[in-house]
Amino acid sequence: MTGNSHDLFDFIAAALAKFVASEGEDFHLPEGRQRELGFTFSFPVKQSSISSGTLIKWTKGFAINDTVGEDVVAELSRALDRQGLDMKVTALVNDTIGTLAGGRYDDNDVVVAVILGTGTNAAYVERANAIPKWHGLLPKSGDMVINMEWGNFRSSHLPLTEFDQALDAESLNPGEQIYEKLISGMYLGEIVRRILLKMTQEASLFGDDIPPKLKIPYILTTPHMSMMHHDGSSDLRTVGAQLRDILGIQNTSLKTRRLVVAVCDIVAKRGSRLAAAGIHGILKKLGRDIPSSDKQRTVIAMDGGLYEHYTIFSESLESTLQEILGEEVSSSVVIKLANDGSGIGAALLAAAHSQYLDAEEQ
């Protein structure tokens, strides 16, 4: 995540070589054909064609400076050559676009894709004539897919606390990805840690001494937070075990454990409600936030470990969206979990742009 471009792409190419080597005996590539690849790349890119694009900036804790401004497909292609792999990238796909494509292939009513995992982003289908910065011929369908890069949204209306401001100031990308830092899996556990540290410093939450491990940034991950938040035992023994194993805090009282769960609840529900507000913003832009006479279904394809595994988060997101939309509209809005939707969508887009398609059609 913090090395150099050469090492990163060599790592990806080596993983591909390992995967290709594991293919079964029953798979034979036709003579003279290259393998073709859909490359899911979940970072902001200035895309110049279906199979080329330069990295604008890293997010999610990546900081490999010599990749910024480079064509990531060219970088990967050179690494594939170094591995001796005869493989061609036919589609460079942001993960939200992949999720949208995979979701749309499965269900034609999918109009929005949202990733809620380590990071967050969204994509939706827009009318091409509603895009001010679009120049050139309009696509035949009249529609255009928009990769929003919504993680970088910031507004004076976002409820930033001292904990958010300190997390941002000490991050690898201060002042950027503010919305992502409030709602995504990379940061929720860290916000909880910062709150617990302040409660310890000011109110001796864990006794007179501050546990040394509580001072270590990102030691408390969102999966740890989720385990504590979902603890259904009467004595909150999972919370106690997590505090002991991760932070080295022994013998916590039930009252203390309840306070820890309350902090997890506030941080998770704030994140999920803000995420729901973002989805509502897209539906509003599409005119899908008001009752329609034809009862048109609006399907949102959702991917990412945070949404998939953090049940309280995902349930809160869904109930908040229903709350904002009202009963009548929300009855026609469906959220579908598209597990690894981005990978499947990238494969579909790569197949749709295969260099061999014309020959087959003829």
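Residues numbered from 1 in each chain as written. Predicted model: local features only at pLDDT ≥ 70, side-chain atom pairs only at ≥ 80, totals over all residues. Heavy atoms only, no water.

(A) Spatial organisation of the domain arrangement of the protein chain. For the protein chain, the assigned domains are domain 1 (5-93) and domain 2 (95-339). The straight-line distance from the C-alpha centre of domain 1 to that of domain 2 is 28 Å. Each partner contributes to the interface: domain 1 provides 11 residues, whereas domain 2 provides 13 residues. Taken as a group, K57, K60 and V93 account for 52% of the area that domain 1 buries against domain 2, more than any other trio of residues on that side. (Domains from an automatic or database assignment. Contact = heavy atoms within 4.5 Å. Buried area = accessible area lost by both parts, 1.4 Å probe.)

(B) Examining the pattern of salt bridges more closely. For the structure on display, the rule yields 21 salt bridges. Across the pair E126 and R127 runs a salt bridge whose closest N-O atoms are separated by 3.7 Å. Between R193 and E190 there is a salt bridge, with the nearest N and O atoms lying 2.8 Å from each other. With R193 and E190 both in helix 6 (residues 188-203) and 3 residues apart, the pair spans about one turn of that helix. An identical accessibility class is assigned to R193 and E190; each is buried. Taken together, the shared-partner salt bridges connect D106, D107, D109, R297 and K336 into one network. (Salt bridge = Lys/Arg side-chain N within 4 Å of Asp/Glu carboxyl O. Helix = DSSP H or I, 4+ residues; strand = E, 2+ residues; numbered from the N terminus. Buried < 20%, exposed > 50% of the residue type's maximum accessible area, 1.4 Å probe, protein only.)

(C) The packing of aromatic side chains, seen in detail. Applying the stated rule across the entire model yields 10 aromatic pairs. With centroids separated by 5.3 Å and ring planes inclined at 80 degrees, the aromatic side chains of W150 and Y179 adopt a geometry described as edge-to-face. Of this pair, W150 sits in the loop between strand 7 (143-147) and helix 4 (162-169) while Y179 sits in helix 5 (residues 178-183), placing them 29 residues apart in sequence. One exposure class covers both W150 and Y179, and it is buried. Taken together, the ring pairs in this structure connect F39, F41, F43, W58 and F62 into an aromatic cluster. Above the plane of the ring of Y356 lies R33, whose end atom (NZ or CZ) is 4.3 Å from the centre. Over the face of the ring belonging to F43 we find K60, whose NZ or CZ atom lies 4.7 Å from the ring centre. (Phe/Tyr/Trp six-rings, centres within 6.5 Å; stacked < 30°, edge-to-face > 60°. Lys NZ or Arg CZ within 6 Å of the ring centre and 35° of its normal.)

(D) Just the packing of helix 9 (residues 254-285) against helix 11 (residues 311-325), in detail. Relative to each other, helix 9 and helix 11 sit at 45 degrees, their axes nearing to 8 Å. Between helix 9 and helix 11, the interaxial angle falls into the category oblique. Crossing hand, helix 9 versus helix 11: right-handed. For the pair formed by helix 9 and helix 11, the contact residues are D265, A268, K269, G271, S272, R273, A275, A276, A277, I279, H280 and L283 on the first element and I312, F313, S316, L317, T320, L321, E323, I324 and L325 on the second. A breakdown of the residues in the contact of helix 9 with helix 11 according to their chemical character gives 12 nonpolar, 5 polar and 4 charged. (Axes fitted to C-alpha atoms, helices over the stretch in contact; angles between N-to-C directions. Parallel < 35°, antiparallel > 145°, perpendicular 65-115°, else oblique. Left-handed = near helix turned anticlockwise from the far one by under 90°. Nonpolar A, V, L, I, M, F, W, Y, C, P; charged D, E, K, R; others polar.)

(E) Inspection of helix 13 (residues 341-352) at higher detail. Counted at 1.5 Å a residue, the expected span for helix 13 with its 12 residues is 16 Å, and the 16 Å between its end C-alpha atoms agrees. Buried within helix 13 we find G341, S342, G345, A346 and A350. Considered in projection along helix 13, the buried side chains sweep an arc of 165 degrees and stay on one side of the axis. Considering only its buried residues, helix 13 is in contact with strand 1 (35-40), strand 4 (87-93), helix 3 (95-106) and strand 8 (298-303). (Expected span 1.5 Å × (residues − 1). Arc of directions from axis to C-beta.)

(F) Representation of the layout of surface pockets. When its volume is computed, the largest pocket comes out at roughly 1500 Å³. Across the lining of the largest pocket, the residue classes tally to 23 nonpolar, 9 polar and 8 charged. Formed jointly, the lining of the largest pocket draws a minimum of three residues from each of two domains, domain 1 (5-93) and domain 2 (95-339). Its volume calculated, the second largest pocket comes out at about 350 Å³. (1 Å grid on protein atoms, 1.4 Å probe; cavity = no way out; pocket = protein on both sides within 12 Å on 5 of 7 lines; lining within 4 Å. Points joined across faces, edges and corners; volume = space filled by probe spheres on them.)

(G) Quick peek at the UniProt feature "domain: Hexokinase C-terminal" (unreviewed entry) in the protein chain. In the numbering used here, UniProt assigns the feature "domain: Hexokinase C-terminal" (unreviewed entry) to residues 112-351. A distance of 22 Å separates the end C-alpha atoms of residues 112-351, which is 48% helix and 12% strand. (UniProt positions renumbered as here; feature names shortened; annotations may be inferred.)

(H) Structural detail: the side chain of D107. Along the chain, D107 falls in the loop between helix 3 and strand 5 (110-116). One polar contact links the side chain of D107 to the main-chain amide nitrogen of D109, over a distance of 2.9 Å. At 3.0 Å, the side chain of D107 and the side chain of K336 are in polar contact. In this structure D107 touches R297, V299 and K336, once residues within four positions along its chain are discounted. (Polar contact = N/O pair within 3.5 Å; in protein donor to acceptor, adjacent residues only side chain to side chain.)

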